[in-house]
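# Close look at the chain arrangement
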Amino acid sequence: MSQQNYTNHVRYYAPHHFVFYPLSLFMLCISVYEYWHSGGTKIMWLIVAAGTGMLIFLSLMLRQHYALMLQDRLVRMELRWRYHVLTGKRLETLENQLRFKQLAALRFASDTELPALADRAVAEKLSPDQIKKSIREWQPDDMRV
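Let me begin by describing the structure that accompanies this report. Quantities reported herein were computed from a predicted structural model and do not represent experimental measurements.

## Re helix α1 (residues 14-37)
With 24 residues, α1 ought to run about 34 Å at 1.5 Å a step, and its terminal C-alpha atoms sit 33 Å apart, in line with that. At Phe20, α1 is bent by approximately 25°, the largest bend along its length, and proline Pro22 sits one to four residues beyond. Turning to α1, its buried residues number three or more, namely His16, Tyr21, Ser24 and Ser31. Contacts from the buried residues of α1 go to α2 (42-87).

Next comes the structure, spelled out in structure tokens:
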């Protein structure tokens with residue numbers, strides 16, 4: 001692999017960027033053109049244009065969804081690592097009793113608060129908001145937007 005620089009840092013997924021989107025946009029353009037220039041088949045071309053537009057929109061939204069799922073996995077892994085470093089125990093025993101929103105709330109706790117707050121969240125079935133309100137030394141997450 002070559003050294004990354006300005007000219008080679010962008011990554012493309014060829015089937016997605018160079019096949020799916022160009023073909024979808026081409027189909028959308030053709031269907032809109034045919035809608036305006038066809039005689040009795042306007043409804044059919046309108047349906048094709050709407051379906052193609054919806055397909056493009058859904059594919060863009062799925063890309064966003066996959067990125068958010070990956071962020072959630074990273075949050076979970078970070079919390080598992082921190083908990084293990086702090087306690088020497090695995091978080092999975094508590095994790096199975098917590099929802100992801102509770103785990104995400106726990107990540108704002110400082111290292112001194114995390115183990116006890118995780119135990120308390122399980123024992124008292126604290127909501128994510130209650131967990132966040134219980135934190136005394138807030139650790140901000142400036143990277144997740």
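Once you've had a look at it, read on.
## Digging into the environment of Thr93
Its location among the elements puts Thr93 in helix α3 (residues 92-95). A polar contact is formed between the side chain of Thr93 and the backbone oxygen of Arg90, at a distance of 3.3 Å.

## Section: the nonpolar core
By size, the foremost hydrophobic cluster in this structure holds 18 residues, and its most contacted members are Leu106, Leu117 and Ile131. Broken down by secondary-structure element, the contributors of at least two residues to this core are α2, α4 (100-106) and α5 (114-124). Ranked by residue count, the leading element in this core is α5, at 5 residues. In contact with Leu117, other than residues within four places in its own chain, are Leu106, Ala109, Leu126, Ile131, Ser134 and Ile135.

## Re a nonpolar patch on the surface
The grouping of Val10, Tyr12, Phe18, Val19 and Leu23 at the surface amounts to a nonpolar patch, some 530 Å² of accessible area in total. Here Val19 shows up in helix α1. A relative accessible area of 44% means that Val19 is categorised as partly exposed.

## Some points on the packing of α2 against α5
Contact geometry of α2 with α5 gives a least axis separation of 10 Å together with a crossing angle of 115°. Between α2 and α5, the crossing angle belongs to the class labelled roughly perpendicular. Contact residues: α2 offers Leu79, Arg82, Tyr83, Leu86 and Thr87, while α5 offers Leu114, Pro115, Ala118 and Asp119. For the contact of α2 with α5, the residue count by class is 6 nonpolar, 1 polar and 2 charged.

## Here we look at the packing of aromatic side chains
Two measures describe an aromatic ring pair: the distance that separates the ring centres and the angle between the ring planes. The final tally for this structure, using the stated rule, is 4 aromatic pairs. Ring geometry for Tyr12 versus Phe18: centroids 5.3 Å apart, planes at 50°, classification tilted. For Tyr12, a relative accessible area of 54% gives the class exposed. One residue, Lys42, lies across the ring of Tyr35, its end atom 4.8 Å from the ring centre.

Conventions and cut-offs
- Along every chain, residues carry numbers that run from 1 in the direction the sequence is written.
- Local features in this predicted model are restricted to residues of pLDDT 70 or higher, and side-chain atom pairs are both shown and tallied only at a pLDDT of 80 or more, whereas totals for entire chains, interfaces and linings draw on every residue.
- For side-chain calculations, the full set of non-hydrogen atoms in the structure is used, while hydrogens and water are omitted.
- For helices the rule is a DSSP run of H or I covering at least 4 residues; for strands it is a run of E covering at least 2, with both sets numbered from the N terminus onward.
- How far a helix is expected to stretch is found by multiplying one less than its residue total by 1.5 Å.
- Bend is the name given here to the angle between axes fitted to two runs of seven residues, the run ending at a residue and the run starting at it.
- Burial classes: relative accessible area under 20% of the type maximum marks a residue as buried, over 50% as exposed, and values in between as partly exposed (1.4 Å probe, protein chains only).
- Contacts are residue-level and defined by heavy atoms, with any inter-residue pair within 4.5 Å sufficient.
- Here a polar contact means two N or O atoms within 3.5 Å. Within protein one must be a hydrogen donor candidate and the other an acceptor candidate, and residues neighboring in sequence count only if both atoms are side-chain atoms.
- In this description, a nonpolar core means a group of buried Ala, Val, Leu, Ile, Met, Phe, Trp, Tyr and Cys residues linked to one another through side-chain atoms lying within 4.5 Å.
- Patch construction takes residues with relative accessible area above 30% that form no salt bridge. Like charges are linked within 9 Å, and nonpolar side chains (Val, Leu, Ile, Met, Phe, Trp, Tyr) are linked within 5 Å.
- Every accessible area reported is derived by Shrake-Rupley at a probe size of 1.4 Å, with residue values counting cover from the shown protein chains alone.
- Salt bridges are defined as contacts in which a side-chain nitrogen from Lys or Arg sits within 4 Å of a carboxyl oxygen from Asp or Glu.
- Interaxial angle, 0 to 180 degrees, is taken between N-to-C directions of lines fitted to C-alpha atoms, where a helix line uses only the stretch in contact.
- For classification purposes, an angle smaller than 35 degrees is called roughly parallel, one larger than 145 roughly antiparallel, one from 65 to 115 roughly perpendicular, and anything else oblique.
- Residue polarity follows a fixed list, in which Ala, Val, Leu, Ile, Met, Phe, Trp, Tyr, Cys and Pro are nonpolar, Asp, Glu, Lys and Arg are charged, and the others, Gly among them, are polar.
- Under the pairing criterion, centres of Phe, Tyr and Trp rings, with the six-membered ring standing for Trp, must be within 6.5 Å; the plane angle then separates stacked pairs below 30 degrees from edge-to-face pairs above 60, leaving the rest tilted.
- Each ring is checked for a lysine NZ or an arginine CZ that lies within 6 Å of its centre and within 35 degrees of its normal; such an atom marks a charge sitting over the ring.

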